[in-house]
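Structural characterization, general
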Amino acid sequence: MNLPKQISTCCTPLLSCCIKPDEAAQTAVIFRALGEPARLQLLSLIANQPASEACACELTEPLGLSQPTVSHHLKILYEAGLLKKERRGTWIYYRLVPERIEALRNALALPQKTQ
């Protein structure tokens, strides 16, 4: 599709200077991890716990998924940097990584326009 010459020459291309290639690659990893509905549910469940953490054993029933499936999804979220984990005895507790959630928020935020 050819744009009229007046539009193509007067406007700065979208995102021409907003996100660097390395930032785009890192952000894409996070978005790939979030591409599964169960993972979004896991993040929501963990974030809404009273202590903002949850044991993996507490997450199977609310999702209606098997323990191995929940563990797989938690591993993906952990590897994407969205979750921290801490072993307590035989259990692993997960909590969100606020900086990574903030990075997502910033990646999706529209630039503020000055008037």
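Above this note sits the structure.
Just so it is clear, the model here is predicted, and its values are computed rather than measured.

**Here's the deal with the side chain of Thr-60**
By the secondary structure assignment, Thr-60 is in helix α4 (residues 60–63). Excluding residues within four positions of it along the chain, Thr-60 makes contact with Leu-65, Ser-66, Gln-67 and Val-70.

**Things to note about the packing of helix α3 (residues 37–47) against helix α5 (residues 67–79)**
At a closest axis distance of 10 Å, the pairing of α3 and α5 adopts a crossing angle of 80°. In terms of their interaxial angle, α3 and α5 are classed as roughly perpendicular. Two secondary-structure elements touch here, α3 through Ala-38, Arg-39, Leu-42, Leu-43 and Ile-46 and α5 through Val-70, His-72, His-73, Leu-74, Ile-76 and Leu-77. Partitioned by chemical class, the residues of the contact of α3 with α5 number 8 nonpolar, 2 polar and 1 charged.

**Some points on the side chain of Glu-53**
Inspection of the secondary structure puts Glu-53 in strand β1 (residues 53–55). Judged by its relative accessible area of 17%, Glu-53 is buried. Polar contacts involving the side chain of Glu-53 include one to the side chain of Arg-95, which spans 3.1 Å. Not counting chain neighbours up to four residues away, the residues in contact with Glu-53 comprise Ile-46, Arg-88, Tyr-93, Tyr-94 and Arg-95.

**Some details on the sheet that holds strand β2 (residues 83–88)**
Taken in spatial order, the 3 strands line up as β1-β3-β2 in an open sheet, and their pairing is antiparallel. Either end of the sheet is taken by a strand with one partner, and the two such strands are β1 and β2. When strand polarity is set aside, the average angle formed by the axes of neighbouring strands in this sheet is 25°. In terms of strand pairing, β1 meets strand β3 (residues 91–96) through 3 bridges, oriented antiparallel.

**Some points on α3**
The complete set of buried residues in α3 reads Ala-38, Arg-39, Leu-42, Leu-43 and Ile-46. Along the long axis of α3, the arc covered by the buried residues comes to 140°, so they all point the same way.

**Digging into the pattern of salt bridges**
All told, the structure shown has 5 salt bridges when counted by the stated rule. Salt-bridge contacts for Arg-95 lead to Glu-53; the nearest nitrogen and oxygen are separated by 3.1 Å. Here the residue Arg-95 occupies a position in strand β3, and Glu-53 occupies one in strand β1, the gap between them amounting to 42 residues. Across the pair Arg-88 and Glu-86 runs a salt bridge whose closest N-O atoms are separated by 3.4 Å. Each member of the salt-bridge network shares a partner with another, and the members are Glu-53, Glu-86, Arg-88 and Arg-95.

**Considerations on the packing of aromatic side chains**
Summed over the entire model, instances satisfying the criterion amount to 0 aromatic pairs. Lys-85 extends its terminal NZ or CZ atom over the ring of Tyr-78, reaching a point 4.4 Å from the ring centre. The ring of Tyr-93 is capped by Arg-88, whose NZ or CZ atom sits 4.2 Å from the centre of that ring.

**Comments concerning the nonpolar core**
With 19 residues, the main nonpolar core has Leu-74, Leu-77 and Leu-82 as its most contacted residues. Those elements giving two or more residues to this core turn out to be α2 (21–33), α3, α5 and β3. Dropping the residues within four chain positions of it, Leu-74 is found in contact with Leu-42, Ile-46, Ala-56, Leu-59, Leu-83 and Tyr-94.

What counts, and at which threshold
- Residues numbered from 1 in each chain as written.
- Predicted model: local features only at pLDDT ≥ 70, side-chain atom pairs only at ≥ 80, totals over all residues.
- Heavy atoms only, no water.
- Helix = DSSP H or I, 4+ residues; strand = E, 2+ residues; numbered from the N terminus.
- Contact = heavy atoms within 4.5 Å.
- Axes fitted to C-alpha atoms, helices over the stretch in contact; angles between N-to-C directions.
- Parallel < 35°, antiparallel > 145°, perpendicular 65-115°, else oblique.
- Nonpolar A, V, L, I, M, F, W, Y, C, P; charged D, E, K, R; others polar.
- Buried < 20%, exposed > 50% of the residue type's maximum accessible area, 1.4 Å probe, protein only.
- Polar contact = N/O pair within 3.5 Å; in protein donor to acceptor, adjacent residues only side chain to side chain.
- Pairing = 2+ DSSP bridges.
- Arc of directions from axis to C-beta.
- Salt bridge = Lys/Arg side-chain N within 4 Å of Asp/Glu carboxyl O.
- Phe/Tyr/Trp six-rings, centres within 6.5 Å; stacked < 30°, edge-to-face > 60°.
- Lys NZ or Arg CZ within 6 Å of the ring centre and 35° of its normal.
- Core = buried A, V, L, I, M, F, W, Y, C linked by side-chain atoms within 4.5 Å.

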